[in-house]
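Each chain is listed here by its residues.
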Amino acid sequence: MGFLRRFFRGRAAVQQLPTGTVTVDRNGEILTTTVSSAYSRNLLRDIGRDVLELFREARSAEMPLAEVSLHFGSLHITARELRGGAIIFLLPQTVLLATPKNSRS
Amino acid sequence: MDKRHKILILDDDEDWLILSRELLSTLPSHPEVLIANNGKRALAILESEPVRLLICDLKMPRMDGLQVLSIVRRRHPELRTVVLSGLEDEEYRSRAYALGVDLFWIKMEMQSNAKMFNECLESLLGRDDEPGFRGIQSKSLMDIIQMECLSRSSTVLRISRGPLVAKLWLQDGELIDAEAAGARGEAAFRRILAWKSGTFENHPAEPNRERTIFKPVNALLLETAQDMDETAQPLGQDATEQSTHRKTMWKLAQLTREGAEFVISLPPDGMGEPEVFGTRSTAPAGWARVAASIARRLGERLEAGPVLQVAGKNMERQVLVMNHEDKIFLVGWPADADGNLVEKTRKLIASWDS
């Protein structure tokens, strides 16, 4: 095995996208989550903090928001304000995602 | 000897392949329809059979449609190619045309407009019998229109620039109608010619189209070119003020027509002040910049791909933040605005500075 590692150790792994729900408190700490425990907690905390920052900045811009969503090429993040914290839905947009039969590619 | 043309359909959806085969077998020229459910199989068929037309899907596992098309373009340059995809995305349309495909069609449109689709296919199948050259064109719209008129063509030119779509109707080499972003006739024609880039495709002629343009096309092209030259000239102070006023009025009219509440456009940092229409407050501009920055940072950390948009809503309104060229746009819509807001925002932004 050591012999093989000498050849393959430099190969970068593809990062998995999170899927599930996270609730965070007003400080961005994770309260509950259904995201796989294999997914980095630090990245989940980053998502929580960034989402809370979006809500906070919207309030200081006199445009308080009840919901924000961030749409990336392969991931949708939707967050609802929850008494200072937030509930966050993470939905990867992959081709392997189950879709209705009539949404033909 | 069987002189029927052969059509190859490539799609990973088996049901769709069977349905398409049935539909295409009913074409007036009764072509022989071959099917393949992956790129490798399609390339093998193309090597062994004299296929005239390849109809290709884009989103497929392992080898996607664009990869297949780039291989086909090199190995079989004489083959007619049609993209038939469920991806209603102008970027894919541009990429497909850049690979030299003859036609790009959306599956839903094929179902709703089967007659026109069949006519396009018949025209592509028959075109091999006519002499002529083919290749990838990168010409100005003026050149393309002049060429169509000189050859006395009857066709509908569909021109797209990002999410904006326009059409020109030509009958026996005369321009009879134009349509773009809610405008029609000469006004639409002038607006289309101001577009600096985009893609075009030829659709079958519509001889019964009502005529709205009566001026000769050369006169219209000349007038439009003069207008564009004058716009490009440096203006005096009065003329600059008038021009700024006209632009402001046009943008407000655009805002009202689309039903948006406000539009804020932010130039890159340090490159000027935000442009605000429809609201007095500039505070949301700060939020838009923060939102764009957070989204970019988070997208990179999560490796989630490019940022498409950031949206927000409350009881009163919905807001969308999108990038366009080097600017960030924040567009506000009423909470009860209906329709596809993302698409409407994209169109509004694309037409904003044009």
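Below is a summary of the structure that appears in this document.

About the criteria used
- Residues numbered from 1 in each chain as written.
- Chains lettered and ligands numbered in written order.
- Predicted model: local features only at pLDDT ≥ 70, side-chain atom pairs only at ≥ 80, totals over all residues.
- Heavy atoms only, no water.
- Helix = DSSP H or I, 4+ residues; strand = E, 2+ residues; numbered from the N terminus.
- Buried < 20%, exposed > 50% of the residue type's maximum accessible area, 1.4 Å probe, protein only.
- Axes fitted to C-alpha atoms, helices over the stretch in contact; angles between N-to-C directions.
- Parallel < 35°, antiparallel > 145°, perpendicular 65-115°, else oblique.
- Contact = heavy atoms within 4.5 Å.
- Nonpolar A, V, L, I, M, F, W, Y, C, P; charged D, E, K, R; others polar.
- Salt bridge = Lys/Arg side-chain N within 4 Å of Asp/Glu carboxyl O.
- Pairing = 2+ DSSP bridges.
- Buried area = accessible area lost by both parts, 1.4 Å probe.

1. Describing the environment of aspartate 338 of chain B
Residue and element names in this part refer to chain B.
Okay, so step 1: Structurally, aspartate 338 is set in the loop between strand S15 (327-334) and helix H12 (341-352).
Okay, so step 2: Looking at aspartate 338, the relative accessible area reads 57%, which means it is exposed.
Okay, so step 3: Considering only alpha carbons, one finds aspartate 338 and glycine 259, 79 residues apart in sequence, at a separation of 9.8 Å.

2. A closer look at the packing of helix H7 (residues 141-150) of chain B against helix H8 (residues 186-193) of chain B
Residue and element names in this part refer to chain B.
Okay, so step 1: With their axes 10 Å apart at the nearest point, H7 and H8 run at an angle of 125 degrees to one another. Here H8 runs oblique to H7, going by the angle between their axes. Residues Leu141, Met142 and Ile145 of H7 form the contact with H8, whose own contacting residues are Phe189, Ile192 and Leu193.
Okay, so step 2: Looking at side-chain class alone, the contact of H7 with H8 contains six nonpolar, no polar and no charged residues.

3. Quick look at the pattern of salt bridges
Note on pairing: side chains with opposite charge can pair once their charged atoms come close.
Residue and element names in this part refer to chain B.
Okay, so step 1: Within this structure, the stated rule accounts for 23 salt bridges over all chains.
Okay, so step 2: Glutamate 174 is paired through a salt bridge with arginine 211; the nearest N and O atoms lie 2.7 Å apart. On the criterion of sequence distance, the pair formed by glutamate 174 in strand S8 (residues 174-180) and arginine 211 in the loop between strand S10 (199-204) and helix H9 (217-232) is long-range, its members being 37 residues apart.
Okay, so step 3: What makes glutamate 174 partly exposed here is its relative accessible area of 37%.
Okay, so step 4: Judged by relative accessible area, arginine 211 falls into the partly exposed class, the value being 30%.

4. With respect to the sheet that holds strand S4 (residues 80-85) of chain B
One key point about sheets: their strands pair by backbone hydrogen bonds, in either a parallel or an antiparallel sense.
Residues and elements named next belong to chain B.
Okay, so step 1: Pairing is parallel across the open sheet formed by five strands, whose spatial order is S2-S1-S3-S4-S5. Since the sheet does not close on itself, it has two edges, and those belong to strand S2 (32-36) and strand S5 (103-106), each with one partner. Taking each pair of neighbouring strands and ignoring which way they run, the sheet shows an average axis angle of 20 degrees.
Okay, so step 2: The pairing of strand S1 (residues 6-10) with strand S3 (residues 53-56) spans four bridges and is parallel. Its bridge partner lying in S3, leucine 10 is registered against cysteine 56.

5. Quick word on the side chain of serine 265 of chain B
Okay, so step 1: Among the structural elements, serine 265 of chain B can be located in strand S11 (residues 262-266).
Okay, so step 2: Those residues in contact with serine 265 of chain B, other than ones at most four positions away along the chain, are Pro274, Glu275, Lys327, Ile328 and Phe329 of chain B.

6. Structural notes on the interface of chain A and chain B
Okay, so step 1: Across the boundary between the two partners, chain A contributes 31 residues, which contact 35 residues of chain B.
Okay, so step 2: Carbon and sulfur atoms supply 60% of the area buried between chain A and chain B, which totals about 3,000 Å² over both sides.
Okay, so step 3: Scanning the region where chain A abuts chain B turns up four salt bridges.
Okay, so step 4: Two residues, arginine 301 of chain B and aspartate 50 of chain A, come together in a salt bridge whose shortest N-O distance is 3.3 Å.
Okay, so step 5: When residues of the side of chain A that touches chain B are traced back to their parent elements, those giving at least two are helix H2 (41-60), strand S3 (67-72) and strand S4 (75-82) of chain A.
Okay, so step 6: Element by element, the count of residues in the side of chain A that touches chain B is highest for H2 of chain A, at eight residues.
Okay, so step 7: Looking at side-chain class alone, the side of chain A that touches chain B contains 17 nonpolar, six polar and eight charged residues.

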